[in-house]
Amino acid sequence: MSRAQLTRTGILRMALGGGGADPLLPAEGGGGRRAPFLLRALRIAVVVCLYWFTSIAMVFLNKYLLDSPSLRLDAPLFVTFFQCALTAALCLGLSLGAACGPPCAGLPALRLDPKVSRSVLPLSAVFIGMVTSNNLCLKHVGVAFYNVGRSLTTVFNVLLSYLLLKQTTSLYALLACGVIIGGFWLGVDQEGAEGTLSWTGIFFGILASLCVSLNAIYTKKVLPVVDGSIWRLTFYNNVNACVLFFPLMMLLGEFRTLYHFDKLGSPSFWGMMTLGGVFGFAIGYVTGLQIKFTSPLTHNVSGTAKACAQTVLAVIYFEETKSFLWWTSNLMVLGGSFAYTWVKGLEMRKVQEDPNVKSSERNETGV
């Protein structure tokens, strides 16, 4: 992600990186013979394709729900609220199905504890900011520019790591961040030159990048409250979000908008809404699969390549014509993200191979 898309991906990735095993994911092979190379390669290819399809389809589907001329629904908070409600319902449904055996065996039972809910509330506020700003950015900018518009997550990761955690960053990683910033500003400039710039979309893109970084930090702090269970955290987070969305929707007049919405009784509309919620829930699962069958480094590289493919598909689908400098801005963002991922991967490998480094320091080094 920028890799943090939306959606519950950031929380699930954080848990997979530092929490317990995910009961929905296949268990690691523990001592038996490794699968043949071709079988492993095929499995990885299928998982990567599944991640690409789910992630790209979710972005296009959300763009339709948020900004389709044929739908004409100006209620972005309601769309986000519905996806959060569906995610909470799916988590609860999977936990109820845990007694049925595979693939749900091992999922924790879910019940709403007000004390735990209050402890998760600060993360939920950041989570609301993340998913809402992501969707509002997508509403106001084109799908082709969406990746650039919210590309500063890596930069905020470095900044917040220094301000909050006092962690320094290597020169090469900082240079990669400089390339990302340069690509972002060049993209903004080119959108303005083409007459398609939305400063509202840019604002929400920057806010989304900040919230994705904050979400990762707060997730790490809150996970012990739910005994390290990502499913409990996802459940509480989305239940809290649903409650918090109500006054926001009332304040912005979205209930009035929904009352006058002419497709509120349309089965096709609710079908698309449900499909969007299912994709939003599924992206976390397929992200976990990709990390498990490859590595965090490969996942980030795959995410960068996916963003490139998504941009090209959006330009083709919406029949847009972009300048050379516009494409250059995208390449700078993607290249800077790839370079940062590669540098952090090398640093992490060096730290893990150094016997003199404490285990706590190893855990702090990530991609």
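Definitions and limits used
- Residues numbered from 1 in each chain as written.
- Predicted model: local features only at pLDDT ≥ 70, side-chain atom pairs only at ≥ 80, totals over all residues.
- Heavy atoms only, no water.
- UniProt positions renumbered as here; feature names shortened; annotations may be inferred.
- Helix = DSSP H or I, 4+ residues; strand = E, 2+ residues; numbered from the N terminus.
- Buried < 20%, exposed > 50% of the residue type's maximum accessible area, 1.4 Å probe, protein only.
- Contact = heavy atoms within 4.5 Å.
- Areas by Shrake-Rupley, 256 points an atom, 1.4 Å probe, with all protein chains shown as cover.
- Core = buried A, V, L, I, M, F, W, Y, C linked by side-chain atoms within 4.5 Å.
- Patch = residues over 30% accessible without salt bridge, like charges linked within 9 Å, V, L, I, M, F, W, Y side chains within 5 Å.
- Salt bridge = Lys/Arg side-chain N within 4 Å of Asp/Glu carboxyl O.
- Expected span 1.5 Å × (residues − 1).
- Phe/Tyr/Trp six-rings, centres within 6.5 Å; stacked < 30°, edge-to-face > 60°.
- Lys NZ or Arg CZ within 6 Å of the ring centre and 35° of its normal.
- pLDDT = per-residue confidence, 0-100.
- Axes fitted to C-alpha atoms, helices over the stretch in contact; angles between N-to-C directions.
- Parallel < 35°, antiparallel > 145°, perpendicular 65-115°, else oblique.
- Left-handed = near helix turned anticlockwise from the far one by under 90°.
- Nonpolar A, V, L, I, M, F, W, Y, C, P; charged D, E, K, R; others polar.

As recorded in an unreviewed UniProt entry, the protein chain goes by FUCT1 protein and comes from Gymnorhina tibicen. Quoted straight from UniProt, the Subcellular location (unreviewed entry) entry for the protein chain says "Membrane".

Now for the overall build of the protein chain. A tally of regular secondary structure across the protein chain gives 14 helices and zero strands. By residue count, 50% of the 367 residues in the protein chain fall in the buried class. Of the contacts formed within the protein chain by residues at least 6 apart in sequence, a portion of 82% connects residues at least 24 apart. Accessible surface computed for the protein chain: about 17700 Å², of which carbon and sulfur atoms make up 67%.

Our next topic: the nonpolar core. Core analysis: the biggest nonpolar cluster contains 56 residues, and Leu73, Phe78, Phe145, Phe245, Phe269 and Met273 have the highest contact counts within it. Non-local contacts of Phe145, meaning those with residues more than four positions away in its chain, are made with Gly187, Val188, Glu191, Ile202 and Trp326. Among the nonpolar cores identified, the runner-up in size contains 16 residues, and Ala88, Cys91, Leu110 and Val239 belong to it.

With that settled, consider a nonpolar patch on the surface. Taken together, Leu159, Tyr162, Leu163, Leu164 and Leu165 make up a surface patch of nonpolar side chains, about 500 Å² in accessible area. By secondary structure assignment, the location of Leu163 is in helix α6 (residues 153-165). On the basis of relative accessibility, which here comes to 48%, the residue Leu163 falls in the partly exposed class.

The next thing to look at is the UniProt feature "transmembrane region" (unreviewed entry) in the protein chain. Here the UniProt-annotated "transmembrane region" (unreviewed entry) positions come out as residues 41-65, 77-99, 120-138, 144-164, 171-188, 200-218, 230-249 and 269-289. Counted over residues 120-138, helix gives 100% and strand 0%. Its end C-alpha atoms are 27 Å apart. In residues 200-218, the share of helix is 100% and the share of strand is 0%. The end C-alpha atoms are 26 Å apart.

Another aspect to go through is the side chain of Thr154. Assignment of secondary structure puts Thr154 in helix α6. Those residues within four positions of Thr154 in sequence are excluded, and the remaining contacts are Cys177, Ile180 and Tyr340.

Here helix α12 (residues 296-317) is 22 residues long and its end C-alpha atoms lie 31 Å apart, about the 32 Å a rise of 1.5 Å per residue gives. Positive backbone phi, at 55°, marks Glu319, one or two positions downstream of α12.

It is worth spelling out the packing of aromatic side chains at this point. Geometrically, a pair of aromatic rings is defined through the distance of the ring centres and the angle of the planes. Tallying each qualifying case throughout the model produces 17 aromatic pairs. Geometrically, the ring pair formed by Phe338 and Trp342 is stacked, given 6.2 Å between the ring centres and 20° between the ring planes. Taken together, the residues Phe338 and Trp342, both in helix α13 (residues 324-353) and four residues apart, mark about one turn of the helix. The rings of Phe78, Phe81, Phe82, Phe246, Phe255, Phe261, Phe269 and Trp270 are connected pair by pair, giving a single aromatic cluster. The ring centre of Tyr218 lies 5.6 Å from the NZ or CZ of Lys221, which sits over that ring.

All right, on to unusual backbone geometry then. Most peptide bonds adopt trans geometry, and most residues besides glycine take a negative phi value. Positioned with a positive phi, Arg72 is a non-glycine residue whose angle comes to about 55°. Mapping Arg72 onto the fold places it in the loop between α2 (37-67) and α3 (76-96). Not every positive phi belongs to a glycine, and Glu319 is a case in point at roughly 55°. Mapped onto the secondary structure, Glu319 falls in the loop between α12 and α13. We classify Glu319 as exposed; its relative accessible area is 72%.

Residues shown with low pLDDT carry predicted positions that ought not to be read at fine detail. Averaged over all residues, the pLDDT of the protein chain equals 83, while 83% of them reach at least 70. The element-level mean pLDDT for the protein chain is lowest in helix α1 (residues 9-18), coming to 40, with helix α7 (residues 171-193) highest at 94. In the predicted structure, residues 1-32 sits below a pLDDT of 50 and forms 88 contacts with residues beyond four places in sequence or in another chain. Under a pLDDT of 50 for its full length, residues 359-367 has, in the predicted model, 18 contacts with residues more than four places off or in other chains.

What follows covers the pattern of salt bridges. Where charged atoms from two side chains of opposite charge approach closely, those side chains can pair. According to the stated counting rule, one finds eight salt bridges in the structure shown. Across the pair Lys322 and Glu320 runs a salt bridge whose closest N-O atoms are separated by 3.8 Å. Assessed through its relative accessible area of 29%, Glu320 is described here as partly exposed. The partner of Lys344 in a salt bridge is Glu347, and the shortest N-O contact between them spans 3.4 Å. One end of the pair is Lys344 and the other is Glu347, both in helix α13 and three residues apart, which spans about a single turn. Here Lys344 falls in the buried class, since its relative accessible area comes to 13%. Residue classification places Glu347 among the partly exposed positions, given a relative accessible area of 21%.

Where α2 contacts α12, the axes come no closer than 10 Å and their chain directions differ by 45°. Between α2 and α12, the crossing angle belongs to the class labelled oblique. Considering how the two elements wind past one another, α2 and α12 form a crossing that is right-handed. Between α2 and α12, the residues in contact are Val48, Tyr51, Trp52, Ser55, Ile56, Val59 and Phe60 and His299, Ser302, Gly303, Ala305, Lys306, Ala309, Gln310, Leu313, Ala314 and Tyr317, respectively. Looking at the contact of α2 with α12, its residues break down into 11 nonpolar, five polar and one charged.

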